[in-house]
Amino acid sequence: MKKIFITLSLLITALHTFAQFKLSGKIPHLTKADTITLNLPFIYGYYRENNLQIPVDPMGNFSATLPLSAQKFGILAYKGHDVTVLLTPGKNLTLTLDTGGIYKTFGGTAAAENRLLYQVKLSEIPFFSKGTRQNSPYAKLSNAEVREKVIKPWLLARDEHIKLVQASGLSAHDKALINSEIKYNAYVQLDFFVRGIMNVDKAQINDLIQTIFEGSKPEPDVWPAGPQYYYYAGAYLSYLEFKVFAKYPPTDERSKESFKETYKISLDSATKLVKLNGKAYMKWYLLNQYFNRPVAEQYLAQTIYTQWHDKDLSHVEPLMRDLKTYFPNSKYTTLLQGKMDNLAMLNNKNLSNEAIKVFPGYEKVNSIYQVVNALKGKVVYLDIWGTWCGPCKEELTYNPQLKAHFKDKDVAFIYLDMDDDIKDAEWQTFIRVNGLTGTHLRKSNTEIQQFWEELQPNKDKRGFYPTYFIFDKNGKLVQVDAKRPSDEATLYTQLEKYL
C-alpha cells in the first residue's frame, strides 16, 4: 500500500525530536476514491487550516504517517461522523469504518485508548443540547427539573465513563488524561446548554451557572492538558465574569467593587482595555489572574493564533506584546511572530488596493440606498457584520469562493460594519488585511438602527450579526435574510436568480 506522508508544519521546529504515529485503515465496500479528514489543533479549537486530508483509495484503504513531538488529541471526520482520537508518538492505530462513517474496529498499539474515546463519545452532542431555544424540550424547564432531568443523568454518565476508563489496562497517565477530558467536557456541555439552549430568565441562568461551577478549580488535573480542559478554562472565565454582575447591574457600586476584586483592576480601566485591545485581550487578562503559568502561556498562544486566523492584526499586536513580556522564552514566539508579520504585510499590500473601497463620506450616509443606488446595474449582496463578531469573521473566510464564482458577473458586494467611532482605524485595517474587496461603510450601534429599520420589517429579526440581503439591478430589496457565504451553492442560486 502506498504511504502518504503528511507534513505538519505547525508542529515542526528545529528544537523538537519527532517520533512517528501511523494511522491506517479500511473502508470495505467503497466504490470510489474518497478522503478522511484529520484535524490536529494548534493547541485547542477547530480551524479548517489544520485539516489534513487523508486519501482513501478506491479499494477503501488509507494510510498516513504523522511526525509528532508529544501526545496530541485530534478529530477524525468521515461522512459527518466526528470522533476524538489520541495520537501518541511511536504508536499506531488501524481502523475499520463502514461507508456511512461508523467505526467498527480499532487495532494497533493505540487501539485501547482510542476505542475508549469512541465509547465515551467526547465528540457527540449531548441529548439536552440537540435543539435550539425555540424547539428544545429542555429549554424552558424549571431549575429543579434541569437538575433532575439534565444535570443528574449527565453527571451519572460522566461517572460511568470515568469508571470505564479507570478499569481499563491503560497506563496511569493515559487514564488520567482521558478522564480529565471526560470531566472537563461535562462542564463545557452543561455550560453551553444553560447559556445557549435554555430560554429562561436571568435569575434562573445565574442559579444554574453557579450550580455547575461552584467548587470547580482552574488548575488542570493532568499536564499537559487536553483540548477539553481549555474549553473548560474559557467557560470558567465566563463564570467568573458572570458572578461579577449576577446580583447587581454594572452601574451599581457593589458590582464595580466586585469587578475590581475579580479582575484586579477597575471597571473603567477594563473598559478602556477592551476598547483598545478587544474582548479577547480581556479574557486573557482575566485568565492570567487565576491560572498557572504553563496554562496561561498556552491559552495566550492559542488566543494569538485565533486572532491571526481571523486576520485581526489590531488584536494580535497587544496579545503578542504580552506573550513576549510574560513569557520571554516561549517556544511559540517565533511561529506566532511570523504569522503577525504576515498580517502586517497584507495590510501594507492592500493600502493601495482600489478594489477595497471605503464609501466616500460614509460618516454622513443615513440610508443603505445611498450606497446601493451607486451600484445600479448590478445585483448587490449586503453583509451586515462587526469586527467583534466571531461568526461574522468566520463567514468572511468563505468570500473568496463566493467572489470567484461571480467573477466577471454583475454582482457587487457591500459590507456594513457595526463598530463604534473609536474602532474606525481598526475596522479599516481589518478589511485591508483580509483583502475584503467591495464597498465598505461603518456605523455605530446607535447609527445603524435606522438601517435595520429600512432593511428588516420584522422587528424580531433586527440586530442579528451577521445578516445578509440581496438587491436587484434596479436597487430594489428582493431578498431579506439571504443565505450566508458558507451556504455556498444555495446562496449562489439566490444571487443568480436576479442576474
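Rules used in this analysis
Residues numbered from 1 in each chain as written. Predicted model: local features only at pLDDT ≥ 70, side-chain atom pairs only at ≥ 80, totals over all residues. Heavy atoms only, no water. pLDDT = per-residue confidence, 0-100. Contact = heavy atoms within 4.5 Å. Disulfide = S-S within 2.5 Å. Buried < 20%, exposed > 50% of the residue type's maximum accessible area, 1.4 Å probe, protein only. Helix = DSSP H or I, 4+ residues; strand = E, 2+ residues; numbered from the N terminus. Pairing = 2+ DSSP bridges. Core = buried A, V, L, I, M, F, W, Y, C linked by side-chain atoms within 4.5 Å. Axes fitted to C-alpha atoms, helices over the stretch in contact; angles between N-to-C directions. Parallel < 35°, antiparallel > 145°, perpendicular 65-115°, else oblique. Nonpolar A, V, L, I, M, F, W, Y, C, P; charged D, E, K, R; others polar. Salt bridge = Lys/Arg side-chain N within 4 Å of Asp/Glu carboxyl O. Left-handed = near helix turned anticlockwise from the far one by under 90°.

**Q** Describe the confidence of the model for the chain, naming the residues involved and giving the relevant values.
**A** Chain-level pLDDT for the chain is 93 on average; 96% of the residues reach the 70-or-more range. Segment residues 1-16: pLDDT under 50, and 36 contacts once partners within four positions in sequence are set aside and those in other chains are kept.

**Q** Any details on the state of the cysteines? Residues and values, ideally.
**A** According to the stated counting rule, one finds 1 disulfide in the structure shown. One disulfide bridge connects Cys389 with Cys392, the sulfur atoms lying 2.3 Å from each other. One disulfide, between Cys389 and Cys392, carries an S-S torsion of 80 degrees and so falls in the right-handed class. Exposure class is identical for Cys389 and Cys392. Each is buried.

**Q** Before we move on, can you summarise the pairing of strand β7 (residues 81-87) with the specific residues and values?
**A** Counting buried positions along β7 yields 5 of 7 residues, so the element is predominantly enclosed. Bridge count for strand β6 (residues 72-78) against β7 is 7 bridges, and the pairing is antiparallel. The partner of Ala77 across the bridge, within β7, is Asp82. Here β6 folds back onto β7, and the loop between the two strands holds 2 residues, one of which, Lys79, carries a positive phi near 55 degrees.

**Q** A description of the environment of Tyr187 should follow, citing residues and the corresponding values.
**A** Relative to the assigned elements, Tyr187 resides in helix α3 (residues 172-197). Looking at Tyr187, the relative accessible area reads 17%, which means it is buried. A C-alpha to C-alpha distance of 37 Å links Tyr187 and Asp341, two positions 154 residues apart in sequence. If we skip the residues at most four places from it in the chain, Tyr187 touches Ile212, Phe213, Ser216 and Tyr232.

**Q** Pulling in residues and values, what's your account of the environment of Gly196?
**A** Counting through the fold element by element, Gly196 comes out in helix α3. Residue classification places Gly196 among the partly exposed positions, given a relative accessible area of 31%.

**Q** Can you explain unusual backbone geometry? Please cite residues and give values.
**A** Here the residue pair Trp223 and Pro224 is connected by a cis peptide bond, since its omega of 0 degrees sits within 30 degrees of zero. Here the residue pair Tyr465 and Pro466 is connected by a cis peptide bond, since its omega of 0 degrees sits within 30 degrees of zero. Inspection of the secondary structure puts Pro466 in the loop between α16 (449-455) and β14 (467-471). Here Lys264, not a glycine, exhibits a phi torsion of approximately 70 degrees, which is positive. Here Lys264 shows up in the loop between α6 (253-263) and α7 (267-277).

**Q** Describe the nonpolar core, listing the residues and the values that go with them.
**A** Judged by nonpolar contacts, the single largest core of 68 residues is most densely connected at Phe213, Trp284 and Leu336. Here the element with the most residues in this core is helix α5 (residues 227-244); it accounts for 10 residues. Excluding anything up to four places from it in sequence, Leu336 contacts Phe42, Ala301, Ile304, Tyr305, Met320 and Leu323.

**Q** Help me get a handle on the environment of Leu402, residues and values and all.
**A** Tracing the sequence through the fold places Leu402 in helix α14 (residues 399-405). Each C-alpha atom of the pair Leu402 and Gln450 lies 28 Å from the other, and the pair is 48 residues apart in sequence.

**Q** Which residues make up the packing of helix α10 (residues 313-326) against helix α15 (residues 424-433), and what are the values?
**A** Two numbers describe how α10 lies on α15: the axes approach to 8 Å, and their chain directions differ by 105 degrees. As the angle between them shows, α10 and α15 are arranged roughly perpendicular. Between α10, through Leu313, Ser314 and His315, and α15, the contact on the second element is made entirely by Glu426, Thr429 and Val433. Of the residues assigned to the contact of α10 with α15, the class counts are 2 nonpolar, 3 polar and 1 charged.

**Q** Report on the sheet that holds β7, specifying residues and quantitative values.
**A** Strand pairing in a sheet takes place through backbone hydrogen bonds and is either antiparallel or parallel in direction. Read from one edge of the open sheet, 4 strands run β4-β3-β6-β7, paired in antiparallel fashion. Here the strands that pair on one side only, and so sit at the sheet edges, are β4 (51-56) and β7. Pairs of neighbouring strands in the sheet enclose a mean axial angle of 30 degrees, with direction left out of account. As paired elements, strand β3 (residues 34-39) and β6 share 3 bridges and run antiparallel to each other. Paired with Asn39 across the two strands is Ile75, which belongs to β6.

**Q** Mind laying out the pattern of salt bridges, listing which residues take part and the relevant values?
**A** Within the structure shown, the criterion is met by 21 salt bridges. Residues Lys104 and Asp98 are paired through a salt bridge, measuring 4.0 Å at the closest nitrogen-oxygen approach. Among the charged side chains, a salt-bridge network with shared partners connects Asp310, Asp312 and Lys393.

**Q** Mind laying out the packing of helix α4 (residues 202-213) against α5, listing which residues take part and the relevant values?
**A** Running from amino to carboxyl end, α4 crosses α5 at an angle of 130 degrees, the nearest separation of the two axes being 11 Å. One way to sum up the angle between α4 and α5 is to call them oblique. For the crossing formed where α4 meets α5, the hand is left-handed. For the pair α4 and α5, contact is made by Ile205, Asn206, Ile209, Gln210 and Phe213 and by Tyr232, Ala235, Tyr236, Tyr239, Phe242 and Lys243, respectively. Partitioning the contact of α4 with α5 into residue classes produces 8 nonpolar, 2 polar and 1 charged.

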